[in-house]
Amino acid sequence: MRRAIFPGSFDPLTNGHLDIIRRSCPLFDEIVIAVLNNPDKNPLFTVEERCSMLEEILPTLGIEGCRLVVDSFSGLTAEFARERGATAIVRGIRAVSDYEYELRMALMNRKLEPSIETVFLMAGEEYSYVSSTLMKQVFELGGRVEGLIPPLVEARMREKLAEN
Ligand code: PNS
């Protein structure tokens, strides 16, 4: 059983994240999409909302041969990966600018859990500029984000914006 975790804030989930999930599926039997519980970062969506969107959207991807599990965690990614019996941590790289931060994280995670490897996947070039932060910013200022985030996420963002 080859199990990986794909950790992140997913605030919100973007099509770039879904692209990485799709690309990592042939490599593993199970991927735990691990949503970081980070209340101090003042997220747009609660961890429960982020998990519930993932649970609604993932089955629509039509992925076969790889089990996708959604879970949340607090604390260290490396510790969560070990607890879940994962042998790999999946991270997406969009551009060279991601590399330095990702390298530092991968090396620290390896220091913490030497048996767990970080696997980097290159996001499709059409998502190379897509980040959750940018999506929130553009959306909040009334810009168009169609095709960059799942329609369900866009609808939930619209609801959030109306609430606030
Ligand atoms: O989606 P993000 O915000 O790029 O994900 C970053 C994440 C959640 C992978 C990273 O912040 C993380 O691993 N946080 C948990 C705390 C931790 O393990 N820190 C040490 C990593 S070097």
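Residues numbered from 1 in each chain as written. Predicted model: local features only at pLDDT ≥ 70, side-chain atom pairs only at ≥ 80, totals over all residues. Heavy atoms only, no water.

Asks: Outline the overall build of the protein, listing residues and values.
Replies: The secondary structure content of the protein amounts to 6 helices and 5 strands. For the protein, the N- to C-terminal ordering of α and β elements is β-α-β-α-β-α-β-α-β-α-α. On C-alpha atoms alone, the protein measures out to a radius of gyration of 15 Å, which is about the 15 Å that the 2.2 N^0.38 rule sets for 164 residues. Each principal axis of the C-alpha distribution contributes one length, and for the protein these read about 45 × 35 × 30 Å. Looking at the protein as a whole, 47% of its 164 residues are labelled buried. Taking contacts inside the protein between residues at least 6 apart in sequence as the whole, the part at least 24 apart equals 76%. Surface summary for the protein: the accessible area is close to 8,900 Å², and the carbon and sulfur share equals 52%. Side-chain charges in the protein split into 19 positive and 25 negative, and the spacing between the mean points of these groups amounts to 3 Å. (Helix = DSSP H or I, 4+ residues; strand = E, 2+ residues; numbered from the N terminus. Rg over C-alpha atoms; globule rule 2.2 N^0.38 Å. Buried < 20%, exposed > 50% of the residue type's maximum accessible area, 1.4 Å probe, protein only. Contact = heavy atoms within 4.5 Å. Areas by Shrake-Rupley, 256 points an atom, 1.4 Å probe, with all protein chains shown as cover. Lys, Arg positive; Asp, Glu negative; His and termini not counted. Charge placed at Lys NZ, Arg CZ, Asp CG, Glu CD.)

Asks: Break down the site of the ligand for me, citing the residues and quoting the values.
Replies: The environment of the ligand is formed by G8, S9, L36, G75, L76, T77, R91, Y101, M105, M108 and N109. A distance of 2.7 Å is found between an oxygen atom of the ligand and a side-chain nitrogen or oxygen belonging to S9. In isolation the ligand has 540 Å² of accessible area, and contact with the protein removes 74% of it. At 4 residues, helix α4 (residues 96-112) tops the list of elements feeding residues into the shell around the ligand. The class makeup of the residues in the shell around the ligand is 5 nonpolar, 5 polar and 1 charged. (Near = heavy atom within 4 Å. Polar contact = N/O pair within 3.5 Å; in protein donor to acceptor, adjacent residues only side chain to side chain. Nonpolar A, V, L, I, M, F, W, Y, C, P; charged D, E, K, R; others polar.)

Asks: Any chance you could break down helix α6 (residues 151-163) for me, citing the residues and the numbers?
Replies: Helix length check: α6 (13 residues) gives 19 Å between terminal C-alpha atoms against 18 Å at 1.5 Å per residue, within 8%. Taken as a whole, α6 has its buried residues at V153, E154, M157 and K160. Down the axis, α6 shows its buried residues gathered within 120 degrees of arc, on one side only. Set apart from the buried face of α6 by more than 90 degrees, the exposed residues are P151, A162 and E163. In this structure, the buried residues of α6 make contact with α2 (47-57) and α5 (132-140). (Expected span 1.5 Å × (residues − 1). Arc of directions from axis to C-beta.)

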